[in-house]
Each structure stands twice: as structure tokens, then as C-alpha cells.
Amino acid sequence: MVQIAIDGPVGAGKGTVARLVAERLGILYVDTGAMYRAAALIAKRAGVSGEDEVRIAKLVDQAKIELRQPQGEERDGRLITVIVDNEDVSWKIRTEEMSQGSAVVSKHPQVRAVLVQKQQTMAKKQSVIMEGRDIAYRVLPEANLKIYLTADEQERARRRFKQMQERGIESTFEKVLLDIKWRDAQDFGRKTDPLKMVKGAWLLDTTGMTIEGVVDKIVRRGKNL
Ligand code: DC
């Protein structure tokens, strides 16, 4: 079985790249950020404050969170289908509120422990390409290939802004750049498992590269695993 770990900051293109590599290699794509977003949604729906670590961890532990490649009508531009207790929440977790909520719930060690366990269980059953922030050093420390995917801040903001325009979401470049800076501060500043590059990881700076270029590079290495 193959395990490919991708870590990196918001807007580096982890999701798009991982999804395409997964298709080319015929393995499962696991978006761990989607699971933290699902945790934020679960907390909100239960009326639990994002700061209530113990209750959120318990609710998330009890929830059934499934990830799968979009099938049939689910192919509506999403990268992955997310099912929480049999409900499709794939788009409900993509709002600005859930972006911020997920940054809050992901601070809690107990919530992380519950989700890391679910992620490890997924990777036991099949070959995976898993992306997030702590994959190489926490979730899959034995991964065959560890990638740290990044791009400079301006480029990440440009990509995100373009993606929002394509989806008809109104914003400005300046707002998107500010949001990227805020989310970087949360990711790098987290007390538990902050974003970092592990020793031996492959640093892939995608500034100025096309998606296809990045995917080709990874697939070439992935095929030799
Ligand atoms: O990649 P994303 O924006 O969907 O991630 C949502 C939030 O979850 C973000 O605040 C970072 C956090 N996260 C994390 O702490 N650990 C992961 N493995 C993945 C995401």
C-alpha cells in the first residue's frame, strides 16, 4: 500500500493537486481539512461553542465522517464529497464561517486526536494521498513520500481570488490576501501540531508553476513508490 503525505499552507493548491494525482495513480484522496471543517459544522449545529474542546471532541468522535470521490450528480465542481452522519455537507463546509470555525476547533488537542485516529483508520484500508497540515509528522509518519507544497503569499492569494471569481463569490484581492495572512498565522502559530516541514520532505514551491506541471512531477515520483 502507498501513502503520500502533502502538507502546506492555505492556497498552495494541495487539494487540486492531490485530487488529480489520486486519479492518475488510482488511489484515494483524503482531504483532512474537510474533516476539521466538518467538526466546525458539527459544533455549530449542536450549539456548542468553538472553544468547548471536550464537547466538540466527543461529538466528533461519535459522528460518522465519510470522504469519497464525487460520483454522478456530486460532480459539481467539488474536489471531494464529505458525508456526515449520512448527510452530504460537501458545500456546507466551504463557507467563510466554516473556514474560520475550523481554524478555531483545530486548535484543540482532543479534537485533533479524534480526527487523526479517523484519518489513520482510512489509510489502513487503502492506498492514499492525504493532504493537510500535520500529515507527514503526525498522521502518516511512515508515508512513502512526504511533500511540503507551498507558493508565495501573493500567488496563493491570486489563485484563491481567481477561484472565488469563477465561483461567483464576491471579494477583493486585498480581502483574500488578508484572509491568507490570518490563516497562515493560525496554522504556523498553533500550539498543538503547528504547520511545519519535516526533515526529509520534498519541498515543492509551486510559485509560477502550472497545476499540470506540479501534478506531473508528483506522479512521476509516485509511480516509482
Ligand atoms: O485546508 P483547509 O483550509 O480546508 O483546513 C481547514 C482548517 O483545518 C484550517 O484552519 C487548518 C486546519 N487543519 C489542521 O489543523 N490540520 C489538518 N491536517 C488539516 C487542516
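Our structure is the block above this text.
This write-up is about the structure you can find in this document. (Residues numbered from 1 in each chain as written. Predicted model: local features only at pLDDT ≥ 70, side-chain atom pairs only at ≥ 80, totals over all residues. Heavy atoms only, no water.)

Attention now moves to the overall build of the chain. Helices and strands together make up the secondary structure of the chain, namely nine helices and eight strands. Taken over C-alpha atoms, the radius of gyration comes to 17 Å for the chain, in line with the 17 Å a tight globule of 225 residues would show. With the principal axes as the frame, the chain shows a C-alpha extent of 45 × 40 × 40 Å. Across the chain, every contact between residues at least 6 apart in sequence was considered, and the portion connecting residues at least 24 apart equals 71%. Put simply, the chain shows about 11,200 Å² of open surface, and 49% of that area lies on carbon and sulfur atoms. Positive and negative charge centroids in the chain, built from 39 and 32 side chains respectively, lie 3 Å apart. (Helix = DSSP H or I, 4+ residues; strand = E, 2+ residues; numbered from the N terminus. Rg over C-alpha atoms; globule rule 2.2 N^0.38 Å. Contact = heavy atoms within 4.5 Å. Areas by Shrake-Rupley, 256 points an atom, 1.4 Å probe, with all protein chains shown as cover. Lys, Arg positive; Asp, Glu negative; His and termini not counted. Charge placed at Lys NZ, Arg CZ, Asp CG, Glu CD.)

With that settled, consider the site of the ligand. Surveying the vicinity of the ligand reveals 14 residues, the closest of which are Arg 37, Arg 112, Arg 133, Asp 134 and Arg 183. One of the side-chain nitrogen or oxygen atoms of Thr 32 is found 3.0 Å away from a nitrogen atom of the ligand. Between an oxygen atom of the ligand and a side-chain N or O atom of Arg 183, the distance comes to 2.3 Å. Protein contacts shield 94% of the accessible area of the ligand, which totals 450 Å² for the unbound molecule. Contributing elements (two or more residues each) for the shell around the ligand: helix 2 (32-45), helix 4 (96-105) and helix 8 (173-189). (Near = heavy atom within 4 Å. Polar contact = N/O pair within 3.5 Å; in protein donor to acceptor, adjacent residues only side chain to side chain.)

Attention now moves to the packing of helix 2 against helix 3 (residues 53-62). Running from N to C, helix 2 and helix 3 cross one another at 110°; their axes reach a closest spacing of 10 Å. Here helix 2 lies roughly perpendicular to helix 3, going by the angle between them. Classified by chirality, the crossing of helix 3 by helix 2 is right-handed. Together, Ala 39, Ile 42 and Ala 43 of helix 2 and Ile 56, Leu 59 and Val 60 of helix 3 make up the contact between the two elements. Its residues assigned to classes, the contact of helix 2 with helix 3 shows six nonpolar, no polar and no charged. (Axes fitted to C-alpha atoms, helices over the stretch in contact; angles between N-to-C directions. Parallel < 35°, antiparallel > 145°, perpendicular 65-115°, else oblique. Left-handed = near helix turned anticlockwise from the far one by under 90°. Nonpolar A, V, L, I, M, F, W, Y, C, P; charged D, E, K, R; others polar.)

Our next topic: the nonpolar core. In this structure, Val 60, Ile 65, Leu 115, Ile 129, Leu 140, Ile 147 and Ile 218 are the most contacted members of the largest nonpolar core, which totals 59 residues. It is helix 2 that contributes the most residues to this core, nine residues altogether. Look past the residues within four positions of Ile 147 in its chain and what remains in contact with it is Ile 4, Ala 5, Ile 6, Asp 7, Trp 202, Leu 204 and Ile 218. (Core = buried A, V, L, I, M, F, W, Y, C linked by side-chain atoms within 4.5 Å. Buried < 20%, exposed > 50% of the residue type's maximum accessible area, 1.4 Å probe, protein only.)

Turning next to the packing of aromatic side chains. Here the structure, examined in full by the defined rule, presents one aromatic pair. Ring centres of Phe 161 and Phe 173 lie 6.3 Å apart, and the angle between their planes is 75°; this geometry places the pair in the edge-to-face category. Here the residue Phe 161 occupies a position in helix 7 (residues 153-166), and Phe 173 occupies one in helix 8, the gap between them amounting to twelve residues. The side chain of Lys 196 reaches across the aromatic face of Tyr 137, ending 4.0 Å from its centre. Above the ring of Trp 202, the side-chain terminus of Arg 221 is found at 3.7 Å from the ring centroid. (Phe/Tyr/Trp six-rings, centres within 6.5 Å; stacked < 30°, edge-to-face > 60°. Lys NZ or Arg CZ within 6 Å of the ring centre and 35° of its normal.)

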